Amino acid sequence: MAEGFVDDENLEAIVTRIEQKSRKIESLLKHPNVDPPDGRSKPVEALKTALEGSILKTRDERCKSANWIVVHRAIMAIKDVDAMLSYLDPEYYDILMKYLYRGLATGDRPTCDQCLKIHEKLTEKAGLGCILRSLADTVNTV
């Protein structure tokens, strides 16, 4: 087993965490037009929640696919990319870029369109280093 990765016995804990995250995101997206007092939109909060802890310390494809579904739901709910990037902390840029490439790999037209739109704005904001870091990191795959 690779250093830092969980064994099969801990996969259940990962699945439970993904399910909890999914419920929280669905709750945030249920009423997307009701913004919190700090000005962040609920879709941005949903995306931040989806990205938190999303580098799973497992090579199990079922866990990665389940986590992708959660992140995908949040990505597709974003309407204003500029506003999203103004509220999203820079610590999430690289992981978001990884998920954008996963979205592009699906070949699904609406997903690709949304991922390309976010990719363009994210690259403007975070620079080319964000792309390079996400592609060069072969250990933390999404």
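Fair warning: this is a prediction, and the values are worked out from it, not measured in the lab.

Looking only at helices and strands, the protein has seven helices and zero strands in total. Looking at the protein as a whole, 42% of its 142 residues qualify as buried. Total accessible area computed for the protein in this model is approximately 7900 Å², and 53% of it derives from carbon and sulfur atoms.

Scanning the entire structure with this criterion turns up six salt bridges. Across the pair Asp-89 and Lys-48 runs a salt bridge, and its minimum N-O distance is 3.2 Å. Here the residue Asp-89 occupies a position in the loop between α4 (81-87) and α5 (93-106), and Lys-48 occupies one in helix α2 (residues 42-51), the gap between them amounting to 41 residues. For Asp-89, a relative accessible area of 25% corresponds to the partly exposed category. By relative accessible area, Lys-48 is classed as buried at 14%.

What describes two packed helices is the angle between their axes and the distance between those same axes. Where helix α1 (residues 11-30) meets α2, the axes come as close as 8 Å, and the angle between the chain directions of the two elements is 170°. Considering the angle they form, α1 stands roughly antiparallel to α2. In this structure, α1 contributes Lys-21, Lys-24, Ile-25, Leu-28 and Leu-29 to the contact, and α2 contributes Lys-42, Pro-43, Glu-45, Ala-46, Thr-49 and Ala-50. When the residues that make up the contact of α1 with α2 are grouped by side-chain class, the tally is six nonpolar, one polar and four charged.

Before going further, it helps to examine the packing of α5 against helix α6 (residues 109-126). In the contact formed by α5 and α6, the axes pass within 9 Å of each other and the chain directions differ by 150°. One element, α5, and the other, α6, form an angle in the roughly antiparallel class. Read as a crossing pair, α5 and α6 show a hand that is left-handed. Contacts between α5 and α6 involve Tyr-93, Leu-96, Met-97, Leu-100, Tyr-101, Gly-103, Leu-104 and Thr-106 from the first element and Thr-111, Cys-112, Cys-115, Leu-116, Ile-118, His-119, Leu-122, Thr-123, Lys-125 and Ala-126 from the second. Here the residues of the contact of α5 with α6 sort into twelve nonpolar, five polar and one charged.

Here we come to the side chain of Lys-21. Along the polypeptide, Lys-21 turns up in helix α1. Contacts of Lys-21, omitting those with residues within four sequence positions, involve Thr-49, Ala-50, Glu-52, Gly-53, Ser-54, Asn-67 and Val-70.

As a further point, take the nonpolar core. In globular proteins that are soluble, nonpolar side chains generally tend to be buried together. Residues Leu-47, Leu-51, Ile-75, Met-84 and Leu-96 are the most contacted members of the largest nonpolar core, which totals 36 residues. Within the residue set of this core, elements represented by two or more residues are α1, α2, α3 (61-77), α4, α5, α6 and α7 (128-136). Sort the elements by how many residues they give to this core and α3 lands first, with seven residues. Residues contacting Met-84, with those up to four places away along its chain left out, are Val-44, Leu-47, Ile-78, Leu-96 and Ile-118.

This next bit is on the confidence of the model for the protein. Chain-level pLDDT for the protein is 87 on average; 87% of the residues reach the 70-or-more range. Mean pLDDT across the elements of the protein bottoms out in α1 (90) and peaks in α6 (98).

Rules used throughout
For every chain, the first residue of the written sequence is number 1, and numbering continues from 1 along that sequence. Whole-chain, interface and lining totals are the exception, using all residues; otherwise, since this is a predicted model, local features are given only for residues with pLDDT of at least 70 and side-chain atom pairs are given and counted only at 80 or more. Side-chain metrics rest on all non-hydrogen atoms present in the structure, leaving aside hydrogens and water. In DSSP terms, a helix is any run of H or I states spanning at least four residues, a strand is any run of E spanning at least two, and both are numbered starting from the N terminus. Partly exposed residues are those whose accessible area sits between 20% and 50% of the maximum for their type, while under 20% is buried and over 50% is exposed, using a 1.4 Å probe and protein chains only. Residue burial considers only the protein chains on display, and all accessible areas are found by Shrake-Rupley using a 1.4 Å probe. Put simply, a salt bridge is a Lys or Arg side-chain nitrogen that is within 4 Å of an Asp or Glu carboxyl oxygen. For helices, the fitted axis covers only the stretch in contact; all axes are lines through C-alpha atoms, and the angles between them, taken along N-to-C directions, range from 0 to 180 degrees. Geometric relationships in this document are graded by angle, where less than 35 degrees denotes roughly parallel, more than 145 denotes roughly antiparallel, 65 to 115 denotes roughly perpendicular, and other angles denote oblique. Contact definition: two residues touch when any of their heavy atoms are within 4.5 Å. When residues are grouped by polarity, Ala, Val, Leu, Ile, Met, Phe, Trp, Tyr, Cys and Pro land in nonpolar, Asp, Glu, Lys and Arg in charged, and all others, Gly among them, in polar. Definitions for this section: a left-handed crossing has its near helix turned counterclockwise from the far helix by less than a right angle. A right-handed crossing has that turn clockwise. By nonpolar core is meant a set of buried Ala, Val, Leu, Ile, Met, Phe, Trp, Tyr and Cys residues that side-chain atoms within 4.5 Å join together. What pLDDT reports is the predictor's confidence in each residue, on a scale of 0 through 100.

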